[in-house]
Amino acid sequence: MKIFITGSNGLLGQKLLNKLQYSRLFHLIASSKGKSRVKNKCNYKYYELDITDKLAVSKLIRDVSPDVVINTAAMTNVDLCEELREKCYDLNVKAVEYLADECFKINAHLIHISTDFIFDGKSGPYKEDDQPNPLSYYGLSKLKSEKIITSHKVKYTILRTIVLFGVAENITKNNIVLWAKSALKNKEKINIIDDQFRAPTLAEDLADACILAAMKKIEGVYHVSGKDIMSIYEMVTRIAMHFNYSCDNLNRIKTNTLNQKAIRPKKTGFILEKAKHDLGYNPHSFEEALDIIDKQLIN
Ligand SMILES: NC(=O)c1ccc[n+]([C@@H]2O[C@H](COP(=O)([O-])OP(=O)(O)OC[C@H]3O[C@@H](n4cnc5c(N)ncnc54)[C@H](OP(=O)(O)O)[C@@H]3O)[C@@H](O)[C@H]2O)c1
């Protein structure tokens, strides 16, 4: 099976490279904007591809002719999306249409990643068919991308996920576990909100869900997150306990004391039964995931 990945410099993109490049089941082709920032790239070919460039997307997908395209590229900084709406729209919405069009033309299966931020957080945890109501432009852009795909004739899987974390090389965006671990280790005074609830997701678990979706060519929308729902404050205290750091410098705060550009949903989390049943999705617990991170950081 020939798999083409967009955004391979990112967190999910790198996890997919790690999992797929040594498997004899897959022929892997990776792409991201600019040069590859991943050092270990032996078993796949890398192309520079800006997915907002319609002609470049069309040419490369035709040349490569993949069976499956996994779109991990996105503008993921929620506050920046609020500020740079046009740029966010180009990448999170328009580019997805280019990918869907090209996949349809060559009968490839498109796997696309969406988010819990399509929901308003008033009644989480959510099922796949719950009513979306995004509070931020990022959430809206992702909902629009979903609508483009679901109303297209392309074969697709949409995997919605929540707060990704993991260890990767040269990533442009930090993630909660690495950020909190470093702040706790350095005994920095940090303010942590205790009134937003999420199910943090190990990037490897989401990568596994992408691979399962590719192998099964399963179609539809799936919720794939970690299985433990907790407040951000609890997340950080569990990280502290796991790595044996003191919580003395943690300061509990409320969301309304922050001056964030984008409004976040209060409580998300997903009901995972559909992904468990149809895909065989089986995520790690938060503590198991922290063990994995620990080992990766030591290595
Ligand atoms: N991170 C989360 O907490 C979270 C939560 C819910 C859903 N998701 C979704 O999960 C997916 C993967 O997230 P992630 O955390 O792995 O994202 P990420 O680390 O930000 O990776 C995205 C990658 O896309 C690349 N990219 C940016 N603009 C591009 C363009 N025009 N053309 C091609 N590539 C481009 C980025 O390049 P640079 O590295 O050079 O910027 C980056 O490497 C995204 O769809 C995201 O919306 C993420």
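Below is a short write-up of the structure. (Residues numbered from 1 in each chain as written. Predicted model: local features only at pLDDT ≥ 70, side-chain atom pairs only at ≥ 80, totals over all residues. Heavy atoms only, no water.)

### Quick word on the overall build of the protein
Now for step 1: Across its full length, the protein holds 10 helices and 13 strands.
Now for step 2: Its C-alpha atoms give the protein a radius of gyration of 19 Å, within 12% of the compact-globule value 19 Å for 299 residues.
Now for step 3: A principal-axis box enclosing the C-alpha atoms of the protein has dimensions of 55 × 40 × 35 Å.
Now for step 4: Burial analysis of the protein (299 residues in total) assigns 54% to the buried set.
Now for step 5: Within the protein, contacts between residues separated by at least 24 positions form 79% of all contacts whose residues are at least 6 apart in sequence.
Now for step 6: Taking the average location of the 44 positive side-chain charges in the protein and that of its 36 negative ones, the two points are 3 Å from each other. (Helix = DSSP H or I, 4+ residues; strand = E, 2+ residues; numbered from the N terminus. Rg over C-alpha atoms; globule rule 2.2 N^0.38 Å. Buried < 20%, exposed > 50% of the residue type's maximum accessible area, 1.4 Å probe, protein only. Contact = heavy atoms within 4.5 Å. Lys, Arg positive; Asp, Glu negative; His and termini not counted. Charge placed at Lys NZ, Arg CZ, Asp CG, Glu CD.)

### Considering the site of the ligand
Now for step 1: Taken together, 26 residues surround the ligand, and among them Leu12, Arg37, Asp50, Tyr138 and Lys142 come closest.
Now for step 2: A distance of 2.5 Å separates an oxygen atom of the ligand from a polar atom in the side chain of Arg37.
Now for step 3: The side chain of Tyr138 places a nitrogen or oxygen atom 2.7 Å from an oxygen atom of the ligand.
Now for step 4: Its free accessible area being 890 Å², the ligand has 89% of it covered by the protein chains.
Now for step 5: Among the elements of the structure, α1 (11–20), β5 (109–115) and α5 (137–150) are those that each provide at least two residues to the shell around the ligand.
Now for step 6: Considering each element in turn, the shell around the ligand owes the most residues, three residues, to β5. (Near = heavy atom within 4 Å. Polar contact = N/O pair within 3.5 Å; in protein donor to acceptor, adjacent residues only side chain to side chain. Areas by Shrake-Rupley, 256 points an atom, 1.4 Å probe, with all protein chains shown as cover.)

### Thoughts on a nonpolar patch on the surface
Now for step 1: On the surface, Met1, Leu25 and Met215 cluster together to form a nonpolar patch covering roughly 280 Å² of accessible area.
Now for step 2: Take Leu25: it is sitting in the loop between α1 and β2 (27–32). (Patch = residues over 30% accessible without salt bridge, like charges linked within 9 Å, V, L, I, M, F, W, Y side chains within 5 Å. Salt bridge = Lys/Arg side-chain N within 4 Å of Asp/Glu carboxyl O.)

### A word on helix α4 (residues 85–106)
Now for step 1: The end-to-end C-alpha distance of α4 is 31 Å, a good match for the 32 Å that 22 residues give at a rise of 1.5 Å each.
Now for step 2: When we look at burial in α4, the residues that qualify are Cys88, Leu91, Asn92, Val93, Ala95, Val96, Tyr98, Leu99, Ala100, Glu102 and Cys103.
Now for step 3: Contacts made by the buried residues of α4 are with β1 (2–6), α2 (54–64), β4 (68–71), α3 (78–83), β5 and α5.
Now for step 4: Asn107 occupies a position one or two residues after α4 and carries a positive phi of about 60°. (Expected span 1.5 Å × (residues − 1).)

### Concerning helix α10 (residues 286–298)
Because each turn of an α-helix spans 3.6 residues, side chains separated by three or four positions end up pointing in the same direction.
Now for step 1: Taking 1.5 Å per residue, 13 residues should reach 18 Å; α10 reaches 19 Å between its end C-alpha atoms and fits that length.
Now for step 2: For α10, the set of buried residues is Phe286, Ala289, Leu290 and Ile293. Around the axis of α10, the buried residues are gathered within 100° of arc, so they sit on the same side. Across from the buried face of α10, at angles greater than 90 degrees, the exposed residues are Lys295 and Ile298.
Now for step 3: On the buried face of α10, the contacting elements are β7 (164–165), α6 (176–185), β10 (201–202), β12 (230–231) and α8 (232–243). (Arc of directions from axis to C-beta.)

### Observations concerning the packing of α6 against α10
Now for step 1: Where α6 contacts α10, the axes come no closer than 12 Å and their chain directions differ by 70°. As far as their axial angle goes, α10 and α6 are roughly perpendicular. In this structure, α6 crosses over α10, and the sense of that crossing is right-handed. Taken together, the residues of α10 that come into contact with α6 (itself represented by Val177, Leu178 and Lys181) are Phe286, Leu290, Ile293 and Leu297.
Now for step 2: Here the residues of the contact of α6 with α10 sort into six nonpolar, no polar and one charged. (Axes fitted to C-alpha atoms, helices over the stretch in contact; angles between N-to-C directions. Parallel < 35°, antiparallel > 145°, perpendicular 65-115°, else oblique. Left-handed = near helix turned anticlockwise from the far one by under 90°. Nonpolar A, V, L, I, M, F, W, Y, C, P; charged D, E, K, R; others polar.)

### Description of the nonpolar core
Now for step 1: Core analysis: the biggest nonpolar cluster contains 38 residues, and Ile3, Leu16, Leu20, Leu159, Val224 and Leu279 have the highest contact counts within it.
Now for step 2: Broken down by secondary-structure element, the contributors of at least two residues to this core are β1, α1, β2, β4, β5, α7 (203–216) and α9 (273–279).
Now for step 3: Of the residues forming this core, the biggest block, seven residues, is contributed by α7.
Now for step 4: If near-sequence neighbours (up to four positions away) are discounted, Ile3 is found in contact with Leu20, Phe26, His27, Leu28, Ile29, Val68, Ile70 and Ala214. (Core = buried A, V, L, I, M, F, W, Y, C linked by side-chain atoms within 4.5 Å.)

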